[in-house]
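# Secondary and tertiary structure notes
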Amino acid sequence: KGLIIGTEGEFILARKEIKILKLLLSCQGTIVTHEQIVETAWGYDDEVSEESVRTHIKKLRKILGKEMIQNIRGQGYILVKS
């Protein structure tokens, strides 16, 4: 777990959320697929529901600001360059 300071205060992130955030930051401005997120945060052999990924993305949006992580329908997510 880790502490991050966001737009609305301090938040504690779960390990998976930290991994997802690092992935999004490393690919900033490009689409990150559901498969890339699962492989990074859970492992390629794990079966993870779309809802589980969405839950972690929702928490990251709450911290970073809703507009910072955009859903590209049918493709994945993108961290918008600031």
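Here, every reference points to the structure presented above.
Residues numbered from 1 in each chain as written. Predicted model: local features only at pLDDT ≥ 70, side-chain atom pairs only at ≥ 80, totals over all residues. Heavy atoms only, no water.

### Structural notes on helix H2 (residues 34-41)
Note the cut-off: Exposure classes here rest on a 1.4 Å probe applied to the protein chains alone. A residue is buried below 20% of its type maximum, exposed above 50%, and partly exposed in between. Labels follow the DSSP assignment, with helices taken as runs of H or I lasting at least four residues and strands as runs of E lasting at least two, numbered in each case from the N terminus. Our arc is simply the arc of the directions from the helix axis toward the C-beta atoms. Contacts: residue pairs with any heavy atoms within 4.5 Å of one another.
Those residues of H2 that fall on the buried side of the exposure criterion are His34, Ile37, Val38 and Ala41. Down the axis of H2, the buried set is contained in an arc of 95°. They therefore lie on one face. Residues of H2 that are exposed and point more than 90 degrees away from the buried face comprise Glu35 and Glu39. The inward-facing, buried residues of H2 contact helix H1 (15-26), strand E3 (31-32), helix H3 (50-64) and strand E5 (76-79). Positive backbone phi, at 120°, marks glycine 43, one or two positions downstream of H2.

### Focus on the nonpolar core
Note the following rule: For the purposes of this section, nonpolar cores are sets of buried Ala, Val, Leu, Ile, Met, Phe, Trp, Tyr and Cys residues that join through side-chain atoms within 4.5 Å.
Ile20, Leu24, Ile37, Trp42, Val53 and Ile57 are the most contacted members of the largest nonpolar core, which has 21 residues in total. Those elements that provide at least two residues to this core are strand E2 (9-13), H1, H2, H3 and E5. In contact with leucine 24, not counting residues within four places along its chain, are Val32, Ile57, Leu60, Ile69, Tyr77 and Leu79.

### Brief notes about the sheet that holds E5
This is how it is decided: Between any two strands, pairing holds if DSSP finds at least two bridges. Convention adopted: a line fitted to C-alpha atoms gives each axis, helices being fitted over their contacting stretch, and angles between N-to-C directions are expressed from 0 to 180 degrees.
Judged by pairing direction, the sheet is antiparallel, and its three strands sit side by side in the order E3-E5-E4 without closing on themselves. A single partner strand is all that each edge strand has here, and the edge strands are E3 and strand E4 (69-72). Sheet topology note: the E3/E5 ladder contains two bridges and is antiparallel. In the sheet register, isoleucine 31 faces E5, and the bridge partner there is isoleucine 78. Each of E3, E4 and E5 touches H1; the most contacted strand, E5, lies at about 70° to it.

Everything listed here is a matter of geometry and, on its own, says nothing about what the molecule does.
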